[in-house]
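Single-letter residue listing:
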Amino acid sequence: MIEARNIRKSFGKLTVLKGIDLDIADGRVSTIVGPSGAGKTTLLQILGTLSAPDDVEGVCLAYDGMDVTGLPDRKLSAFRNRNIGFVFQFHQLLPEFSLVENVAMPALIAGRDRKKAFDDAVALLERLGLAERAAHRPSELSGGECQRAAVARALINKPKVILADEPSGSLDSRNRAELHRLFFSLRDTMGATFVIVTHDEGLAKDSDTVIRMADGRIEDIVNN
């Protein structure tokens, strides 16, 4: 699903990624683990086209065979909206909007019919056990509910890939386990591809593929 070659990234004199080559298989849950400062989040941002590698010369970032390296910003934004869903450690739901409005937002940005966007958002909230919370604002919900809503938002455009950065890092153990079960359920029922940066060794152990990073490089890749 994702092919990345020769990914390098520096911030001033600090080199964060030192030539990453990585393949992410379709329909699997892949976790990226390693100590703080290893470059995990920077790699995820580049995979998600939120950040660009230092030099496109010799670089490849392809989704399902389509190289997106060097696409102009407008086309890259459209590609990202259609093909990549994001889940962050802190849900990043917009506080002034209801849950269903938050979930529908990426579909509306993509130009989908308003009624269809909201119908799809309601269906996703029902699937994730949040139907009764659809009209509530994020401040009225628990952390676990907000993270499930963030997953629904990530799924609204039926993307090829879901990228998640420490998605359970701010949750208690019960909600963390529930969110992890949700990821694997979506893999099985929707064929979704997940790439998750995590410090949670339990999630890594259960994932299909574990990518271990240290000092800006990939140290090991293990298929469970």
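Predicted model, so just to flag it, every value in this text is computed and none were measured. (Residues numbered from 1 in each chain as written. Predicted model: local features only at pLDDT ≥ 70, side-chain atom pairs only at ≥ 80, totals over all residues. Heavy atoms only, no water.)

A. Representation of the side chain of S30 in the model. Along the chain, S30 turns up in strand β3 (residues 29-33). Classification of S30 by relative accessible area gives buried; the value is 2%. In this structure, S30 is in contact with I24, F194, V195, I196, T209 and I211, ignoring residues within four places of it in sequence. (Helix = DSSP H or I, 4+ residues; strand = E, 2+ residues; numbered from the N terminus. Buried < 20%, exposed > 50% of the residue type's maximum accessible area, 1.4 Å probe, protein only. Contact = heavy atoms within 4.5 Å.)

B. Main features of the pattern of salt bridges. The full count for this structure, using the stated rule, is 13 salt bridges. Residue R133 is joined to E145 by a salt bridge in which the shortest nitrogen-to-oxygen separation is 3.2 Å. Taken together, the positions of R133 in the loop between α4 (114-127) and α5 (143-155) and E145 in helix α5 put the pair twelve residues apart, joining distant regions of the chain. With its nearest N and O atoms 2.8 Å apart, the salt bridge here joins D188 to R187. Put simply, E3, R5 and D23 are held in one network by salt bridges that share partners. (Salt bridge = Lys/Arg side-chain N within 4 Å of Asp/Glu carboxyl O.)

C. A look at the sheet that holds strand β5 (residues 66-67). Across the sheet, four strands lie side by side as β2-β1-β4-β5; this open sheet has antiparallel pairing. Since the sheet does not close on itself, it has two edges, and those belong to β2 (14-24) and β5, each with one partner. Where strand β1 (residues 2-11) lies against β2, eight bridges are found, and the strand directions are antiparallel. Looking across to β2, one finds that I7 is bridged to I20. This element, helix α1 (residues 40-47), spans β1, β2 and β4 (60-63) of the sheet and lies at about 55 degrees to β2. (Pairing = 2+ DSSP bridges. Axes fitted to C-alpha atoms, helices over the stretch in contact; angles between N-to-C directions.)

D. Quick peek at helix α2 (residues 73-83). Here α2 has its buried residues at L76, F79, R80, N81 and N83. Contacts made by the buried residues of α2 are with β4, β5, β6 (84-87), α3 (99-109) and β7 (161-165).

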